[in-house]
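Listed below are the residues making up each chain.
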Amino acid sequence: MKTAATPIGLAGLESNSTAELKRAQTFEWRIGGIALVVALAYYLGAKIGFALTLQPHPISVLWPPNSILLAALLLTPVRFWWLILLAAFPAHLAAQVQSNVPPAMILCWFISNSCEALIGAGCVWYLVDHPVRFDRLRNVGVFLVFAALLGPFLSCFLDAGFVALNRWGQDSYWQVWRVRFSSNVLASITLVPFIVTWSGDGLAWLKRIRRARFLEGTFLVLGLVSVQTFAFYGSGPSPDSALLYLPLPFLIWAAVRFGSRGVSAAICVVTFLAIWSAGHGYGPFTARSAEEDALSIQMFLIVMSVPLLLLAGVIEERRRDATMLRERDARINLASESAELAFWSINFETKKTWMSEKGRAIFNIPPDEPLSRELFLSRVHPEDRSAVDEAIDRARDSSKTFEIEYRLLRPDGETRWVIARGRYGHNEQGGMRDLIGVAIDVTAQARANLELRLQREEMARLSRVSAMGELTASLAHELNQPLTAIASNAAAGRRMLMQGPPNSAEFEELLADVSTDAHRAGEIIHGIHRFVRKSEGTRRVVNLNEIVREVLRLLHSDFLGRETAVETDLLAGLPSIHADPVHLQQVLMNLLINSMEAMQATPPQKRRIVICTRMEAESLVLISVRDHGGGLPKENLEKIFDGFYSTKPNGMGMGLTIVRSIVEAHGGTLGAENSEGGARFSIRLPVSRPPESREVA
Amino acid sequence: MSAATELIGVVDDDQSVRRGLRRLLKSAGYATETFASAEDYLARELFQGPICLVLDVRMPGLNGLGLQKELEARGGCEQIIFITGHGDVPTATRAMKGGAVDFLLKPFDSDELVDAVKKALLHCKEQLRKRGERRRARSLIDKLTPREFEVLRFVIMGLLNKQIASELKTAEKTIKVHRGRVMQKLGLSSVPDLVRLTQIAGISPADARYGTKGQYPA
């Protein structure tokens, strides 16, 4: 095994190339080392090639120098290839000079050898990730097709051409081509994988492996050598050709258990033993002429090596994939545990389902129960079930990722909030292959958000209600002063009259006071309009539908408390209006509170308010609030908007006055009528200009 | 017309209300003084006769309830009728607990106010009469010596002379002398009269177990 020197040398070479990347100071020394190793290996390879000839046929059965050159190129970055070739040249010269080859022929051969190595290495470098490894089916395939077949195939034309040009030897062009081709292919297939796989981290790997593996490897080598020795030496000069297959189990053993490293080494062993024994007249390849025997050996070894290398590649690839898969599973599990994530997948083809442990905990699904859409939906809160179902359907039809937030109602009665994302996977025929998804438990955040929202809404509601209350309270106080004075003066006047004819001057003064106070009360009423108009600066483009939704949210708890159902019939695409949203909210709130109070005597199941928005004519939007509280008194239909008129026992009679003031300040009108056993209030407001601003339905 | 013998005060920050109320009360026969604020009323010199205040709850500066507290601390006999434009239950409760005669919501019925004023004045007169009686009774009792006062308290307990003598560790005859002097000083002739007088003055009977030192109970 003289070639044993090469891998060690090239191992140093590769570590050199990485060291170069680190821009080491000793760069020139390493370059020199690489050159020396390549030169030495090339020379030794040539010597071995001369040794492996079947006499009297002068052509080597296996010609290693080309393969050594190829392997060196595969292991070296492209920008150092010139150096490899430069170093190999003197070795080539030294080896060939000894065999009396004319100088021109030596040079030509070097050119054709270099071409072979360059073609093969170039293609592999271009097509395969670096560093080159034989642990993938694709890599092995690329190597076999381009480096082991295409390179020799093309370069042998050149080679044979040079031979013909120099009139070297007596063989015909095609004979030379064929002999060179098979020799070079065999060398590439047997030597290059061995050098490449062992020079990288082969020795480190040897040191790392466990004792049991080491023993196994030793047994394998011993078994292989002894079986081979028996097959080629033990039986007579022309033995049964079936014996050739004796090493095969050991080679497969090497491929399965030791991957590309093991199989490439074993192939080398078999190759050398086969050629060596044939060269010394033993074994099955000694029956015919030297030329034919050489071809037989080459064919035998090539045919045997190709599937073994491919097998090793497949096995390593699968092993690595399995490891990666395991690592990914472990990562996913770790992530899902630390982030409260539920990963799950349903494969429709294999009918296999999987869910991470955390997921089963979140969804409360026993560890062994297979997943199904029905089971999954059964955990979803009944109110959210149809939405989730639809989202999944939509995802299937549109083959997009779905994302949905929903609640889970677990068998133990607990409600949990989750956000789920999922996606359908498709097979090659475009059918459904699987459904994968992830769900995250956001209960804590959702609860906090909900609480915050409720608090905020309650605060907003209180401030709205109290703003209204404040307004009416201060109005009441303001108005009560002149009214008290008027009432007092009137009563005093009556008493005076009862006590006989009054002092006319005194009485006139009294009446003047009454008149002044009455005007003052009127002024205060007008003040409401002014108060409302004060807010004209805060008007903006608003949509009535938005305001309805906002007010419904604000009054939500009141509706619950008064057991009143609210229906909305909002026109999509309702044009916007120009208004103060807070004032409109107050208007609507006032009408709704009126409606609720009007229905106090209505049985709860009939307490229903219908809010409706419509377009009326081109430029008017209508919003109506209808209750089922028995309606308005017919004779007083007009009076209800007057100040201080109230049908409620405790009413101040200001609510509708304010409502009307606000509506009129916005250029609108307020109407009231009886409708189907209840009262209906309708507000008509002008559409804002420009009319393009429409709600997106 | 009982002018100058009684005072009706209207305290309200609104001039119209003040004018209207004064006219109303005048037509009902009451002389009325008006005040624009609680501070204005407190600045007035003390009126000795019965006083009825018609008081607005909500005023700038010291409000109605504040004035009520102030007057109680001053020990006056003003009877208060609250009037308010926006009455709430807690305010009304506080006002009534503070001894208000009535709590009226503006605008109120004029007869209601006149009745309330009448009631307030009666209350006030009654209170003033009681105060006068007590003052008179106490001035009589104050003429007694401490020993005579001690005997008095045992007498109104219903003890016999003999029992009093044993309580005070003295002779029955001595007690008899004291007792005679008490009746003479107070100008009374019977024990029931004596009991009524001590009640008006607010004197409780002696309790043998706790001694007889105190003059008037709290």
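Since the model is a prediction, treat every value here as computed from it, not as a measurement.

### A word on the overall build of chain B
Okay, so step 1: Counting its regular elements, chain B contains nine helices and five strands.
Okay, so step 2: Starting at the N terminus and ending at the C terminus, chain B contains elements arranged as β-α-β-α-β-α-β-α-β-α-α-α-α-α.
Okay, so step 3: Classification of the 218 residues of chain B by burial places 33% in the buried group.
Okay, so step 4: At a minimum sequence separation of 6, the contacts of chain B that also span at least 24 residues come to 61%.

### So, the overall build of chain A
Okay, so step 1: In terms of helices and strands, chain A carries 20 helices and twelve strands.
Okay, so step 2: Taking the contacts inside chain A whose residues are at least 6 apart along the sequence as the reference set, 68% of them involve residues at least 24 apart.

### Considering helix H10 (residues 248-279) of chain A
Because an α-helix completes one turn every 3.6 residues, residues spaced three or four positions apart along the sequence face the same direction.
Residues and elements named next belong to chain A.
Okay, so step 1: Its 32 residues give H10 an end-to-end C-alpha distance of only 22 Å, which falls more than 12% under 46 Å, the value for a rise of 1.5 Å per residue.
Okay, so step 2: Within H10, 24 of the 32 residues are buried, leaving the element largely enclosed by the surrounding structure.
Okay, so step 3: Trailing H10 by a residue or two, Gly281 shows a phi angle of about 85°, which is positive.

### Notes on the pairing of strand S10 (residues 620-626) of chain A
All names here are of chain A.
Okay, so step 1: In this structure, strand S9 (residues 608-616) lies alongside S10, joined through seven bridges in antiparallel fashion. When the bridges of S10 are listed, Cys612 appears paired with Ser624.
Okay, so step 2: The hairpin formed by S9 and S10 contains three residues between the paired strands, and Ala617 there has a positive phi angle of roughly 55°.
Okay, so step 3: Here S10 runs beside strand S12 (residues 679-686); their pairing, made up of seven bridges, is antiparallel. Its bridge partner lying in S12, Leu620 is registered against Pro686.

### Describing the packing of helix H6 (residues 137-166) of chain A against helix H7 (residues 173-199) of chain A
Residue and element names in this part refer to chain A.
Okay, so step 1: Closest axis-to-axis distance for the H6/H7 pair is 8 Å, and the angle between their directions is 145°. Our pair here, H6 against H7, has a crossing hand that is right-handed. Counting all contacts with H6, which are made through Ala147, Ala148, Leu149, Pro152, Phe153, Cys156, Phe157, Asp159, Ala160, Val163 and Ala164, the residues of H7 involved are Tyr173, Val176, Trp177, Arg180, Phe181, Asn184, Val185, Ser188, Ile189 and Val192.
Okay, so step 2: Taken together, the residues that form the contact of H6 with H7 break down as 17 nonpolar, two polar and two charged.

### Quick look at the sheet that holds strand S2 (residues 352-355) of chain A
All names here are of chain A.
Okay, so step 1: Overall, antiparallel pairing links the five strands, which are arranged S2-S1-S5-S4-S3 in an open sheet. Two strands in the sheet have a free side with no partner beyond their single neighbour: S2 and strand S3 (402-409). The average undirected angle you get between the axes of adjacent strands in this sheet is 20°.
Okay, so step 2: Of the pairings in the sheet, the one linking S3 to strand S4 (residues 415-426) comprises eight bridges and is antiparallel in character. By the bridge assignment for S4, Tyr406 is matched with Val418.
Okay, so step 3: Where helix H14 (residues 382-398) meets the sheet, it contacts S3 and S4, and its direction lies at approximately 155° from that of S3.

### As for the environment of Leu24 of chain B
Okay, so step 1: The topology assignment puts Leu24 of chain B in helix H1 (residues 15-27).
Okay, so step 2: The sequence separation of Leu24 of chain B and Asp111 of chain B amounts to 87 residues, and the corresponding C-alpha distance is 9.7 Å.
Okay, so step 3: When near neighbours in sequence (up to four residues on either side) are disregarded, Leu24 of chain B contacts Ser488, Ala491 and Ala492 of chain A together with Ser110 of chain B.

### A word on the packing of helix H5 (residues 110-141) of chain B against helix H9 (residues 191-201) of chain B
Residues and elements named next belong to chain B.
Okay, so step 1: Packing of H5 against H9 brings their axes to within 8 Å, and their N-to-C directions diverge by 115°. Classed by the angle they form, the pair H5 and H9 counts as roughly perpendicular. The chirality of how H5 crosses H9 is left-handed. Residue-level inspection shows Glu133, Arg134, Ala137, Arg138 and Ile141 of H5 in contact with H9, the latter providing Leu197, Ile200 and Ala201.
Okay, so step 2: Looking at the contact of H5 with H9 residue by residue, the class counts come to five nonpolar, no polar and three charged.

### Re the sheet that holds strand S2 (residues 32-35) of chain B
Hydrogen bonds between backbone atoms are what pair the strands of a sheet, whose relative direction is either parallel or antiparallel.
All names here are of chain B.
Okay, so step 1: What the five strands build is an open sheet, ordered S2-S1-S3-S4-S5; its pairing is parallel. Where the open sheet ends on each side, the last strands, each with one partner, are S2 and strand S5 (102-105). Strand after strand, the sheet turns through a mean of 20° between neighbouring axes, direction not considered.
Okay, so step 2: Inspection of the sheet shows strand S4 (residues 79-84) paired to S5 by four bridges, in the parallel sense. Considered in S5, the bridge of Phe82 is made with Phe103.

### Some thoughts on the interface of chain B and chain A
Okay, so step 1: Between chain B and chain A, the contact holds 16 residues from the first and 19 residues from the second.
Okay, so step 2: Ranked by residues supplied to the side of chain B that touches chain A, first place goes to H1 of chain B with eight residues.
Okay, so step 3: In the side of chain B that touches chain A, the residues fall into five nonpolar, six polar and five charged.

### Regarding the confidence of the model for chain B
Residues and elements named next belong to chain B.
Okay, so step 1: Averaged over every residue, the pLDDT of chain B is 85; the share at 70 or more is 92%.
Okay, so step 2: The low-confidence segment residues 208-215 (pLDDT under 50) makes five contacts with residues lying over four places distant or belonging to another chain.
Okay, so step 3: Both scores are given for the predicted complex: the pTM is 0.46, the ipTM 0.74.

### Things to note about the pairing of strand S1 (residues 341-347) of chain A
Where a strand is regular, its side chains alternate between the two sheet faces.
All names here are of chain A.
Okay, so step 1: A one-sided burial pattern is seen for S1, the buried positions being Ala342, Trp344 and Ile346 and the unburied ones Leu341, Phe343, Ser345 and Asn347.
Okay, so step 2: Here S1 pairs with strand S5 (residues 432-441) via seven bridges, running antiparallel. By the bridge assignment for S5, Phe343 is matched with Val438.
Okay, so step 3: Connecting the antiparallel pair S1 and S2 is a turn made up of four residues, with Lys351 showing a positive phi of about 60°.

### Description of the environment of Thr190 of chain A
All names here are of chain A.
Okay, so step 1: Relative to the helices and strands, Thr190 is located in helix H7.
Okay, so step 2: Owing to 25 C-beta atoms within 10 Å, Thr190 belongs among the buried residues under this scheme.
Okay, so step 3: It is 8.1 Å that separates the C-alpha atoms of Thr190 and Ile302, two residues lying 112 residues apart in sequence.
Okay, so step 4: Leaving out residues up to four positions away in the same chain, Thr190 has contacts with Ile267, Cys268, Thr271, Leu301 and Ser305.

Cut-off values and rules
Residues numbered from 1 in each chain as written. Chains lettered and ligands numbered in written order. Predicted model: local features only at pLDDT ≥ 70, side-chain atom pairs only at ≥ 80, totals over all residues. Helix = DSSP H or I, 4+ residues; strand = E, 2+ residues; numbered from the N terminus. Buried ≥ 20, exposed ≤ 12 C-beta atoms within 10 Å, placed from the backbone. Contact = placed C-beta atoms within 7 Å. Expected span 1.5 Å × (residues − 1). Pairing = 2+ DSSP bridges. Axes fitted to C-alpha atoms, helices over the stretch in contact; angles between N-to-C directions. Left-handed = near helix turned anticlockwise from the far one by under 90°. Nonpolar A, V, L, I, M, F, W, Y, C, P; charged D, E, K, R; others polar. Parallel < 35°, antiparallel > 145°, perpendicular 65-115°, else oblique. pLDDT = per-residue confidence, 0-100.

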